[in-house]
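# Observations on the three-dimensional arrangement
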Amino acid sequence: MTSTTGTVPPPAAAPPDYYVNSWAGRISQRLAGRVVDSMIAFGCIVAAIVFGPQGRPLAQDLVIVALVSAIETVSITRTGATLGMHVVDLRVAVVGRPGRPDWLTALRRSVPVALCYPILVPGTFVVLVMPFALLISIALSPLRRGFHDRSSGTVVVHEGAPRLLTEDHLASWWQPDHAVVLSPWGRVPGLYDRRRARAHRLDDAWWLAAVIMVATIASVGMRDVPMLWLWSTLLWLVVVSVDEAWWVSTRGATPGHLRAGYLVVDLRTGAKPSRRRAIVRAVVLAPLLYIPPLMLLLGLWVHSSSLHRGPHDLLARTIVVEPGYVPRRFAPAPAPLPRAPVVAQPVWYPTPGSWIPALPPPPVDPWTGPAGPPPPSVPGPF
């Protein structure tokens, strides 16, 4: 944990690389690879329209699904990945089994993906629902495993991942003290931690509550409900943007961040953001954070980002970190206790034929005399 001063000393040397303890492919890599695969699927769509059954859109959609499924299944079974995955250095691994997936596993994984490509009339509903459902299931999974990966027992990993991945490996990727994201300036909190810090938004910001009260009282006499909603929303976004920019530029974090021990720092220097970057960050963040349809987009974006940076952090080149956090795995081991030097002492051991000195006689008790043999045991009645 850190103090509430909000200052971070500049680094003494060049910052090291960011660390993410997970072999799972990032969602940005998955999307880039899917763009390449979609070009091949587009060729299948053109072939189904030109050479497929004419005047039968349902049959053409089935041909598209069959072609895309067959191409992805053959590619995964032969090379371990699709063409798009090879471009971004990803592959498909089977959990608990080394080697490439077999044809049944690859087919079970490829069919849900192929259902995203029908574009004709019977496939309109599928093409509108399946891609978003697949993307949301990948983004919300800690290991980026969509429902097609979970149903087939596969996971998309980097090319350099171990050939045998077990359930223990996958579990270690998302445990709190193992699947941490470390930056040169501290740990990068995830979406859950950011939401808890944002819950304290009104702490030490009394004038935000005052603006809300004044806006509510002033809007009592207004009869135009849409205009009331529009003007109150604009007023709230402006006030929140000003408050956010002031806190980040002067203290390095909002009251919620400071209470949780987080700081908003410059991505390259680790110092407090400048006023211009703080304003850009606040203006972009305000509508994403307080307009309900955009809140889901912000949550998915932050959760799927490898460094948990939303659009506001990308444009302002900032990052939210916890400088004082050190996970147990990276804590230095305690120094060993000092040991006294051990000196070998010569010990005499008798050997065959060597002279063995006689043992001294046992001491004599002056009251009872020398100890004799024990008395014989006499059986009694009991």
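Residues numbered from 1 in each chain as written. Predicted model: local features only at pLDDT ≥ 70, side-chain atom pairs only at ≥ 80, totals over all residues. Heavy atoms only, no water.

## Details of unusual backbone geometry
Only a minority of non-glycine residues have a phi that is not negative, and only a minority of peptide bonds are not trans. Its identity is not glycine, yet Asp89 carries a phi of approximately 60°, on the positive side. Considering the arrangement of structural elements, one finds Asp89 in the loop between α3 (83-87) and β2 (90-94). With relative accessibility at 48%, the residue Asp89 sits in the partly exposed group. (Helix = DSSP H or I, 4+ residues; strand = E, 2+ residues; numbered from the N terminus. Buried < 20%, exposed > 50% of the residue type's maximum accessible area, 1.4 Å probe, protein only.)

## So, the environment of Ser110
Inspection of the secondary structure assignment puts Ser110 in helix α4 (residues 103-114). Beyond its immediate stretch of four places on either side in the chain, Ser110 contacts Ser69, Glu72, Thr73 and Ile76. Of the polar contacts made by the side chain of Ser110, one reaches the side chain of Thr73; its length is 3.5 Å. (Contact = heavy atoms within 4.5 Å. Polar contact = N/O pair within 3.5 Å; in protein donor to acceptor, adjacent residues only side chain to side chain.)

## Structural notes on the pattern of salt bridges
One pass over the full model with this rule turns up 13 salt bridges. The closest approach of N and O atoms between Arg34 and Glu72, which form a salt bridge, is 2.7 Å. One end of the pair, Arg34, is in helix α1 (residues 27-51); the other, Glu72, is in helix α2 (residues 57-79), with 38 residues separating them in the sequence. On the basis of relative accessibility, which here comes to 6%, the residue Glu72 falls in the buried class. Between Asp266 and Arg277 there is a salt bridge, with its nearest N and O atoms 2.2 Å apart. Of this pair, Asp266 sits in strand β6 (residues 263-266) while Arg277 sits in helix α12 (residues 275-290), and the two are eleven residues apart along the sequence. An identical accessibility class is assigned to Asp266 and Arg277; each is buried. Among the charged side chains, a salt-bridge network with shared partners connects Arg194, Arg198, Glu244, Arg281 and Asp313. (Salt bridge = Lys/Arg side-chain N within 4 Å of Asp/Glu carboxyl O.)

## Focus on helix α8 (residues 191-198)
Every buried residue belonging to α8 is among Asp193, Arg194, Ala197 and Arg198, and all of these are buried. In a view along the axis of α8, the buried residues occupy a sector of 135°, so they form one face of it. Exposed side of α8, more than 90 degrees from the buried face: Tyr192, Arg195 and Arg196 are the residues found there. (Arc of directions from axis to C-beta.)

## A closer look at the packing of α2 against α4
Where α2 contacts α4, the two axes come as close as 8 Å, and the packing angle between them is 140°. By the angle between their axes, α2 is oblique relative to α4. Handedness of the crossing formed by α2 with α4: right-handed. Counting all contacts with α2, which are made through Val65, Val68, Ser69, Glu72, Thr73, Ile76 and Thr77, the residues of α4 involved are Trp103, Ala106, Leu107, Arg109, Ser110, Val111, Val113 and Ala114. Taken together, the residues of the contact of α2 with α4 break down into nine nonpolar, four polar and two charged. (Axes fitted to C-alpha atoms, helices over the stretch in contact; angles between N-to-C directions. Parallel < 35°, antiparallel > 145°, perpendicular 65-115°, else oblique. Left-handed = near helix turned anticlockwise from the far one by under 90°. Nonpolar A, V, L, I, M, F, W, Y, C, P; charged D, E, K, R; others polar.)

## Overview of the pairing of strand β3 (residues 154-158)
Most of β3 sits out of view: five of its five residues are buried. With five bridges connecting them, β2 and β3 associate as antiparallel partners. Paired with Ala93 across the two strands is Val155, which belongs to β3. (Pairing = 2+ DSSP bridges.)

## Observations regarding the packing of α1 against α2
Where α1 contacts α2, the axes come no closer than 9 Å and their chain directions differ by 140°. It follows from the interaxial angle that α1 and α2 lie oblique. Considering how the two elements wind past one another, α1 and α2 form a crossing that is right-handed. In this structure, α1 contributes Arg34, Asp37, Ile40, Ala41, Cys44, Ile45, Ala48 and Ile49 to the contact, and α2 contributes Gln60, Val63, Ile64, Leu67, Val68, Ile71 and Glu72.

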